[in-house]
Amino acid sequence: MTTTLKQTEQVVMLAILRKQPDAYGVSIYEELEKRLDKEVPMATIYATLETLEKKGFVKSKQGLATAERGGRAKMFFEITGKGQAALNASLNALDRLRAGTKLAGATA
Amino acid sequence: MTEQEKQVEILQVREGRLLVRVGGKEHLVQLPPGAGRHDLIMHIHGALERQVLVELKEAGRFKGDSLHDPVAKAADRTGTVAPPAFAELVISFLAPKNSVQALLGDLHEMFRKNADRLGEREARRKYRMQVTASLVPLLWHWLKRIGFFTVLVDYFRSKLGL
């Protein structure tokens, strides 16, 4: 199984995990903005989600259209079992790489 | 302060204007230029509904226009909150077909939130910024989708005789 996830893919998957079962474009965007203190373009989030969906790491389902969205439906995302395994492996690999290293300015 | 002035009901809040009912008659209450939407929001959050009009009037900061006034009606129509059409068009052209509606819906939802929080002008600015920031990833994926890079590689291969 591939454990190669790009950093953008990792953070988007983590944001989905945090927002489940209400993970859609805006909630993922707001979560990333809140946690990373950074505005990620919405198109980047969608491009990443498309890639992850092609890999079979996330699946999407259509929600209901609402007036506040100009009559357009939400697209909800959730992580598949394969996606969770890949994310876990990817984060573990990062942890192994990080173990024992000392970063100047690190607080922990 | 008359009894009629106390009976104020806010019917609608839109772009620096209040649609209020005073003594059974509807009025469009508008802050003068320069006062801004922020002042209006501060009044709404800071005061009870009935006090808003009175406070604005006491401060001499409103003019009441009847809804039956054609000028006021026209102003109300143009005040409809909508994201920039051109920016929407750019997104709908470049975004993948399967997610374009969800993406536009998300941008619309964020625009509405920003318009309520920061005013329409700032919301429009943020929308344009969001679309501008999205251009590179959208363009990149669009070029990949239409097979531009394959054509480019083939072109150079044929030119170099590989």
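Refer to the preceding data block for the structure.
Summarised in this report is the structure supplied together with it. Owing to the predicted nature of the structure, the values given are computational and were not obtained by experimental measurement.

## Here we look at the layout of surface pockets
Reported here for the largest pocket is a volume of approximately 410 Å³. Forming the boundary of the largest pocket are 19 residues, of which A:Tyr29, A:Glu39, B:Met110, B:Asn114 and B:Lys126 lie nearest the centre. For the lining of the largest pocket, the secondary-structure elements that each account for two or more residues are α2 (25-36) of chain A together with α6 (100-118) and α7 (120-145) of chain B. No other element matches α7(B), which puts seven residues into the lining of the largest pocket. Tallied by class, the residues present in the lining of the largest pocket amount to 10 nonpolar, two polar and seven charged. If you go around the second largest pocket, you meet 15 residues; those closest to its centre are A:Lys6, A:Ala47, A:Thr51, B:His141 and B:Lys144. Within the residue set of the lining of the second largest pocket, elements represented by two or more residues are α1 (7-19) and α3 (42-55) of chain A together with α7 of chain B.

## A look at the interface of chain A and chain B
Across the boundary between the two partners, chain A contributes 22 residues, which contact 23 residues of chain B. Carbon and sulfur atoms supply 56% of the area buried between chain A and chain B, which totals about 1,800 Å² over both sides. At the boundary of chain A and chain B, one finds four salt bridges. Note that A:Glu30 is salt-bridged to B:Lys113, the shortest N-O span being 3.0 Å. Our enumeration of links across chain A and chain B arrives at 10 residue pairs in polar contact (both at pLDDT 80 or more). Those elements giving two or more residues to the side of chain A that touches chain B turn out to be α2, α3 and β2 (72-79) of chain A. Per-element accounting of the side of chain A that touches chain B gives the leading share, six residues, to α3(A). For the side of chain A that touches chain B, the class distribution of residues is 12 nonpolar, three polar and seven charged.

## A short note on empty space enclosed by the protein
Considering all chains together, one arrives at two cavities of 30 Å³ or more under this definition. By volume, the largest cavity is sized at about 70 Å³. Every element with two or more residues in the lining of the largest cavity is listed here: α3 of chain A together with α7 of chain B. Among the elements that take part in the lining of the largest cavity, α3(A) stands out by supplying four residues, more than any other. Partitioned by chemical class, the residues of the lining of the largest cavity number seven nonpolar, two polar and one charged.

## Describing helix α4 (residues 81-98) of chain A
Residue and element names in this part refer to chain A. Under the 1.5 Å per step criterion, the end-to-end length of α4 is 26 Å for 18 residues, consistent within 8% with the ideal 26 Å. Among all positions of α4, only Gly83, Ala86, Leu87 and Ser90 are buried. One side of α4 carries all its buried residues, which in axial view fall inside an arc of 100°. In this structure, α4 carries Gly81 and Arg96 as exposed residues pointing more than 90 degrees from its buried face. Elements in contact with the buried residues of α4: α1 and β2. Backbone geometry just downstream of α4 places Gly100 in the positive-phi region, at approximately 85°.

## Let's talk about the packing of α1(A) against α2(A)
The relative placement of two packed helices is expressed as an angle between their axes plus a distance between the axes. Residues and elements named next belong to chain A. Between α1 and α2, the least distance of the axes is 9 Å, while the angle of their chain directions is 110°. With respect to α2, the axis of α1 lies roughly perpendicular. For the pair α1 and α2, contact is made by Val11, Val12, Ala15, Ile16, Arg18 and Lys19 and by Ser27, Ile28, Glu31, Leu32, Arg35 and Leu36, respectively. Residues belonging to the contact of α1 with α2 are distributed by class as follows: seven nonpolar, one polar and four charged.

Reading guide: rules and limits
Residues numbered from 1 in each chain as written. Chains lettered and ligands numbered in written order. Predicted model: local features only at pLDDT ≥ 70, side-chain atom pairs only at ≥ 80, totals over all residues. Heavy atoms only, no water. 1 Å grid on protein atoms, 1.4 Å probe; cavity = no way out; pocket = protein on both sides within 12 Å on 5 of 7 lines; lining within 4 Å. Points joined across faces, edges and corners; volume = space filled by probe spheres on them. Helix = DSSP H or I, 4+ residues; strand = E, 2+ residues; numbered from the N terminus. Nonpolar A, V, L, I, M, F, W, Y, C, P; charged D, E, K, R; others polar. Contact = heavy atoms within 4.5 Å. Buried area = accessible area lost by both parts, 1.4 Å probe. Salt bridge = Lys/Arg side-chain N within 4 Å of Asp/Glu carboxyl O. Polar contact = N/O pair within 3.5 Å; in protein donor to acceptor, adjacent residues only side chain to side chain. Expected span 1.5 Å × (residues − 1). Buried < 20%, exposed > 50% of the residue type's maximum accessible area, 1.4 Å probe, protein only. Arc of directions from axis to C-beta. Axes fitted to C-alpha atoms, helices over the stretch in contact; angles between N-to-C directions. Parallel < 35°, antiparallel > 145°, perpendicular 65-115°, else oblique.

By themselves, these figures tell us nothing about what the structure is for.
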